[in-house]
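Observations on chain architecture
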Amino acid sequence: MHGENKKQWWKSVLPECQPQTRVLSAGYDPELSEMSVKVPIFPTSTFLFKTAEEGERFFYLQNHPEARGDGAELGLIYSRMNNPNMEIVEDKLMVFEPGAEAAAVLPSGMSAISTMCLALLKPGDVIIYSFPIYGATEHLFEDVLSKFGIKAQAVFSSDPEEYQQAIEKHKGHVAMLFIETPANPSIVHTDIAAIAELAKKYEKSNGRILVAVDNTFMGPVFQHCFPLGADLVVYSATKFIGGHSDLIGGFVVGKKSEMTKVKSYRSVLGPTTDPFCCWLIARSLETVDIRMRKSSENAMLVAEFLKDHPKVAKVIYSGLLEKSDPQYAIYKKQCCGPGALISFNIKGGKAEAFRVLNNVRVCRLAVSLGGTETLISHPRQMTHQNLPEEMCRKVGLTDSLIRISVGLEDPRDIIADLDQALAKM
Ligand SMILES: Cc1ncc(COP(=O)(O)O)c(C=O)c1O
C-alpha cells in the first residue's frame with residue numbers, strides 16, 4: 001500500500017545523499033511490495049477500504065485539502081485521483097527539484113500546462129508569455145484560454161524591461177508570467193531571477209503574479225528554477241525525462257498551495273497518467289542525469305563541427321555563447337550545462353534545408369527531442385508551422401533554421417552524417 005500507509009523510509013534513510021543516489025530509492029518502499037527491489041506496476045482502477053469509516057475519511061480528505069496535515073495523508077481511492085505509480089514517479093522527480101514542495105504527473109506536457117492554467121487562472125486574468133514558445137503552448141494561450149476569458153500577451157524579447165512594459169499595460173490583471181527558457185527553437189535564455197523579481201515588485205500594485213517556467217529543455221539536470229524564484233515548473237516528460245522517445249508525459253511542480261489546486265483540477269478534468277507510463281517515467285528518471293550529461297557532451301562536439309562548416313551561417317548553442325554576449329551571463333547564472341539542443345541556420349532557404357533533412361542517415365528526421373537518438377527537424381515548417389509569419393520573423397524563426405536534439409550515438413557518427421548531408425545541400 002502507498003497513499004496513507006506509505007512509510008517513506010527512503011526519506012529518512014538517504015536524505016544526505018546526492019540526487020542520483022536518492023532517485024534510485026525515492027518514492028518506493030520494498031516492504032510494502034513483497035520486498036521487490038524494483039517498483040511494481042499497480043494496474044488497478046480502484047482501491048479497497050478497510051472499513052466504511054476509512055472510505056468516508058479518505059473522501060473527506062480528498063474533498064478538503066485544508067484538513068490534510070502531515071499525519072493525515074491522502075488515502076488511495078481511485079486511480080483518476082491517485083495511484084502508487086503516480087506517487088512514486090512524483091517523489092522521484094522531486095529529488096531533482098530543490099525548493100519544490102510537490103509534483104503532479106500528467107499524461108503529456110500540454111496537459112501539464114493546460115491543467116496548471118485552468119487550475120490557477122480565472123476569467124479576466126492575463127498571462128504574459130515568452131516568445132518563441134512551443135507551438136501548441138502558443139495555441140493554448142492565444143486561442144483556447146481566450147474562450148475562458150483569459151487574455152494572453154506575448155513578449156518578443158528576453159529583456160525584463162519588455163516584461164515590465166507588458167505588466168504595466170495590463171496592471172491589475174496579470175496573474176502569470178510564463179517563460180520557456182531556453183526557448184524553442186531559438187535557444188534564447190530568459191533570466192528567471194529577474195522575471196521573479198519583477199513579479200514581486202508588482203505584487204502590491206497588481207496582486208500576486210505567479211512565475212511559471214517550462215523547463216523541458218534543460219531540466220531537471222541542468223536548470224533548477226525554484227532557487228531562482230520560480231513558483232511553478234512544467235515539463236514535457238516526453239523529452240529528456242522519458243528520454244527514449246517511447247512515451248508521452250508531463251509534470252507540474254511547485255509549492256503545496258498551488259499544487260493542491262493543480263491536483264484537484266487534475267482529478268476533475270481527468271488527465272490521468274496510466275500506471276505503466278508512470279512506471280516507465282520512474283525508470284527513466286534513474287538515468288536522466290547520465291543521459292543528459294552524455295548527450296550534452298556529444299552536442300558540444302556537434303556544435304563545434306557545425307560552427308566551422310562552410311555551409312552553415314550561424315550556430316545557436318548555449319555551449320558556444322561568447323562572454324561578450326548578454327545571453328552568456330544569464331546562461332551561466334541559471335544553467336550548469338549546455339544541454340543537447342542546437343539550432344543552426346544554413347546558407348540557403350527552405351529548399352536547401354529540406355535537402356539536408358532528406359539526406360541524413362544516422363540522425364532521424366522527426367520532431368520532438370531528448371531521446372536516445374539524434375532527432376533533426378525544421379521548426380518553421382513543422383512544429384511552428386501555424387504561427388503567424390510576422391511573429392516568427394521577429395525572433396529569427398526562418399526557413400533556413402534547422403534544429404537538432406543530439407542523442408547518445410557515437411558523436412563521430414553524428415558529425416559524419418551531418419557532414420555528408422550538408423555536402424548534398
Ligand atoms: C518546450 C516544450 N514544452 C511543451 C511541449 C509539449 O509537450 P508534450 O508533447 O509532451 O505535450 C513540448 C513538445 O515538444 C516542448 O518542446
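Residues numbered from 1 in each chain as written. Predicted model: local features only at pLDDT ≥ 70, side-chain atom pairs only at ≥ 80, totals over all residues. Heavy atoms only, no water.

1. Brief notes about the overall build of the protein chain
Formally: Strands are runs of DSSP state E lasting at least two residues, helices are runs of H or I lasting at least four, and both sets are numbered from the N terminus onward. Atoms considered for the radius of gyration are the C-alpha atoms alone. The globule rule reads 2.2 Å times the number of residues to the power 0.38. Three labels apply to residues, based on accessible area from a 1.4 Å probe with only protein chains included: buried if under 20% of the type maximum, exposed if over 50%, partly exposed otherwise in between. Contacts are assigned to residue pairs with any non-hydrogen atoms lying within 4.5 Å of each other. Exposure was quantified through the Shrake-Rupley algorithm and a 1.4 Å probe, taking into account, for residues, occlusion by the shown protein chains and nothing else.
Scanning the protein chain from terminus to terminus reveals 16 helices and twelve strands. Taking 22 Å as the expected radius of gyration for a compact globule of 425 residues, we find that the protein chain reaches 22 Å, a close match to that expectation. For the C-alpha atoms alone, the extent of the protein chain along its principal axes is close to 75 × 50 × 35 Å. Split into buried and exposed, the 425 residues of the protein chain put 56% on the buried side. For the protein chain, contacts bridging at least 24 residues in sequence account for 73% of all contacts bridging at least 6. As displayed, the protein chain has an accessible area near 18,000 Å², and 54% of this comes from carbon and sulfur atoms.

2. Observations regarding empty space enclosed by the protein
Left-over empty space is what a probe sized like a water molecule reveals as it rolls over the atoms. Let me state the cut-off plainly: Points on a 1 Å grid over protein atoms alone make up a cavity when a 1.4 Å probe fits among them but cannot get out, and a pocket when they form an open set with protein on both sides within 12 Å along at least five of seven lines; lining residues each have an atom within 4 Å of a point. Grid points are joined across faces, edges and corners, and a volume is the space filled by probe spheres set on the points. Just so you know the grouping, Ala, Val, Leu, Ile, Met, Phe, Trp, Tyr, Cys and Pro go in nonpolar, Asp, Glu, Lys and Arg go in charged, and all remaining residues, Gly too, go in polar. An automatic or database domain assignment supplies the start and end points of every domain.
All told, the structure shown has two cavities of 30 Å³ or more when counted by the stated rule. If you add up the space inside the largest cavity, you get close to 50 Å³. Among the residues forming the lining of the largest cavity, the class breakdown is four nonpolar, five polar and one charged. When its volume is computed, the second largest cavity comes out at roughly 30 Å³. In this structure, the second largest cavity is lined by Pro182, Ile187, Phe217, Met218, Pro338, Gly339, Ala340 and Leu341. Split by domain, the residues of the lining of the second largest cavity number at least three in each of domain 2 (121-237) and domain 3 (290-423).

3. Notes on the domain arrangement of the protein chain
Spelled out, the test is: Here the quantity called buried area is the accessible surface, traced with a 1.4 Å probe, that two parts lose on coming together, added over both. Polar contact criterion, stated in full: a pair of N or O atoms within 3.5 Å, where within protein one must be able to donate a hydrogen and the other to accept it, and residues adjacent in sequence count only if both atoms are side-chain atoms.
According to the domain assignment, the protein chain contains domain 1 (1-108 + 241-286), domain 2 (121-237) and domain 3 (290-423). Each of domain 1 and domain 3 has a C-alpha centre, and the two are 35 Å apart. Of the residues lining the interface, six residues belong to domain 1; the matching set on domain 3 comes to six residues. Carbon and sulfur atoms supply 35% of the area that domain 1 and domain 3 bury against each other, a total of about 430 Å² over both sides. Three residues stand out in domain 1 for area buried against domain 3, namely Gly243, His244 and Ser245, and they jointly supply 77% of the buried area on that side. At the junction of domain 1 and domain 3, the tally comes to four residue pairs in polar contact (both at pLDDT 80 or more). Across the side of domain 1 that touches domain 3, the residue classes tally to one nonpolar, five polar and no charged.

4. Comments concerning the nonpolar core
Short version of the rule: Residues grouped as a nonpolar core are buried Ala, Val, Leu, Ile, Met, Phe, Trp, Tyr and Cys residues, joined through side-chain atoms within 4.5 Å.
With 60 residues, the main nonpolar core has Ile128, Leu177, Phe251, Val253, Ile281 and Leu285 as its most contacted residues. In this structure Phe251 touches Val89, Glu90, Leu93, Ala104, Val105, Ala112, Val233, Val234, Tyr235, Ala237, Ile241 and Ile281, once residues within four positions along its chain are discounted. By size, the runner-up hydrophobic cluster in this structure holds 35 residues, among which are Ala112, Leu121, Ile133 and Met259.

5. A word on the environment of Val211
As for its position among the elements, Val211 is in strand 5 (residues 210-214). When its relative accessible area of 1% is taken as the criterion, Val211 is described as buried. The contact partners of Val211, leaving out residues within four places of it in the chain, are Leu177, Ile195, Ala196, Ala199, Ala230, Asp231 and Leu232.

6. Section: the sheet that holds strand 2 (residues 126-130)
Selection rule: Each pair of strands is called paired provided DSSP finds at least two bridges between the two strands. Axes, fitted as lines to C-alpha atoms, cover a helix only where it is in contact. Angles between the N-to-C directions of the axes lie from 0 to 180 degrees.
Strand order in the open sheet made by the seven strands is 1-7-6-5-4-2-3, with mixed pairing throughout. Lying at the two open borders of the sheet, with one neighbouring strand each, are strand 1 (102-106) and strand 3 (151-155). The sheet shows a mean angle of 20° between the axes of neighbouring strands, taken without regard to direction. Note: strand 2 against strand 3, five bridges, orientation parallel. By the bridge assignment for strand 3, Tyr129 is matched with Ala154.

7. Things to note about the site of the ligand
Which entries qualify depends on this criterion: In these notes, residues near a molecule or strand are those with any non-hydrogen atom within 4 Å of it.
As a matter of local geometry, the ligand sits amid 14 residues, with Met110, Asp214, Ser236, Thr238 and Lys239 nearest to it. With respect to the ligand, the side chain of Thr238 contributes an N or O atom lying 2.6 Å from an oxygen atom. The protein chains hide 92% of the 390 Å² of surface that the ligand would expose on its own. Considered class by class, the residues forming the shell around the ligand number four nonpolar, seven polar and three charged.

8. A look at the layout of surface pockets
Estimates place the volume of the second largest pocket at around 450 Å³. Taken together, 22 residues line the second largest pocket, and the ones lying closest to its centre are Ser186, Lys314, Val315, Ile316 and Asp325. By residue number, the principal contributor to the lining of the second largest pocket is strand 8 (residues 312-316), which donates three residues. Here the lining of the second largest pocket is composed, by residue class, of twelve nonpolar, six polar and four charged. Counting the residues that make up the lining of the second largest pocket, at least three belong to each of domain 2 (121-237) and domain 3 (290-423).

9. Brief notes about the pairing of strand 7 (residues 250-254)
Summarising burial for strand 7: five of the five residues are buried, a large majority. Along strand 7, one buried face is formed by Gly250, Val252 and Gly254 and the opposite face, lined by Phe251 and Val253, is buried too. The pairing of strand 6 (residues 232-236) with strand 7 spans five bridges and is antiparallel. Of the residues in strand 7, the one forming a bridge with Val234 is Val252.

10. Brief notes about the state of the cysteines
We count it as follows: Cysteine sulfur atoms are paired as a disulfide whenever they come within 2.5 Å of each other.
Inspection of every chain in the model, using the stated rule, returns zero disulfides. Distance from the sulfur of Cys225, which forms no disulfide, to the nearest cysteine sulfur (Cys335) is 8.5 Å. Given the relative accessible area of 0%, Cys225 is considered buried. Left unpaired, Cys335 is separated from the closest cysteine sulfur, that of Cys336, by 7.4 Å. Relative accessible area serves as the criterion here: at 8%, Cys335 is assigned to the buried category.

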